[in-house]
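# Architecture at a glance
Listed below, chain by chain, are the residues.
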Amino acid sequence: MKLRKSFVAYWLAVSAGLLALFSSPVSAQQFRLGYVSLDRIIKEAAPAKNAQVRLEQEFSKREKELQTQGAALKTKADQFEKDAPTLSESQRSTRQRELVDLDRDFQRNRREFQEDLSRRRNEELQQVFERANRVVKQVADAEKYDLILQEAVYVNPKHDITDKVIQALNASAK
């Protein structure tokens, strides 16, 4: 209960400070606030699109191999189901072991593919985010912003500078 009261007191103090900051008259200069949508940057900026193309090129061959391996496994499983009634017990158990081994290999390859793809996607996105952050800082310095947010519950569109950031990223990608 004590922790809850201190948390409430903390939020009241922070809220009062922010209210004072935003509501007090500023004589010489206005407080400038901006917002950037990282989701839009990932979807619309040329460096993010280029990263997606690189990932597709890098992983398309492995993805096709995985699809081929999965189709071959399904074909063998279907054939086994069809042949099972006519096979001897030893033939049936041998083919079942083969199918289990093929399935284990397929699952391992698929898991490795997903892990590699996820790791590379994170690397590429990290580079895009770093470039975007540099551009945001440049825009903030050039246009004298005091604060730029990347996440918010609600943003008035007049504070959204995402288009400026995307244009600058696209210009630097050429």
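Rules and cut-offs
Residues numbered from 1 in each chain as written. Predicted model: local features only at pLDDT ≥ 70, side-chain atom pairs only at ≥ 80, totals over all residues. Heavy atoms only, no water. Helix = DSSP H or I, 4+ residues; strand = E, 2+ residues; numbered from the N terminus. Axes fitted to C-alpha atoms, helices over the stretch in contact; angles between N-to-C directions. Parallel < 35°, antiparallel > 145°, perpendicular 65-115°, else oblique. Polar contact = N/O pair within 3.5 Å; in protein donor to acceptor, adjacent residues only side chain to side chain. Contact = heavy atoms within 4.5 Å. Core = buried A, V, L, I, M, F, W, Y, C linked by side-chain atoms within 4.5 Å. Buried < 20%, exposed > 50% of the residue type's maximum accessible area, 1.4 Å probe, protein only.

The next subject is unusual backbone geometry. Of note in the backbone geometry, Lys144 takes a positive phi value of approximately 60 degrees without being a glycine. Within the element layout of this structure, Lys144 appears in the loop between helix H4 (89-143) and strand E2 (147-149).

Relative orientation of the contacting elements helix H3 (residues 46-83) and H4 amounts to 170 degrees, with a least axis distance of 10 Å. Here H3 lies roughly antiparallel to H4, going by the angle between them.

Tracing the chain through its elements places Arg120 in helix H4. In terms of polar contacts, Arg120 uses its side chain to reach the side chain of Glu123, at 3.0 Å. In this structure, Arg120 is in contact with Leu55, Glu58 and Phe59, ignoring residues within four places of it in sequence.

Our next topic: the environment of Leu38. Mapping Leu38 onto the fold places it in helix H2 (residues 38-44). Not counting chain neighbours up to four residues away, the residues in contact with Leu38 comprise Phe129 and Gln150.

Let us now look at the nonpolar core. Residues Val36, Ile41, Tyr145, Ile148, Ile161, Val165 and Leu169 are the most contacted members of the largest nonpolar core, which totals 17 residues. Looking at this core, the elements with two or more residues in it are H3, H4 and helix H5 (162-173). Broken down by element, this core gets its largest block of residues, six residues, from H4. Leave out the neighbours within four places in its chain, and Ile148 touches Gly34, Tyr35, Val36, Val136, Ala140 and Ile161. Counting 11 residues, the second largest nonpolar core, distinct from the first, contains Leu66, Ala84, Phe113 and Leu117.

From the geometry alone we can't say anything about function, so treat these as descriptive.
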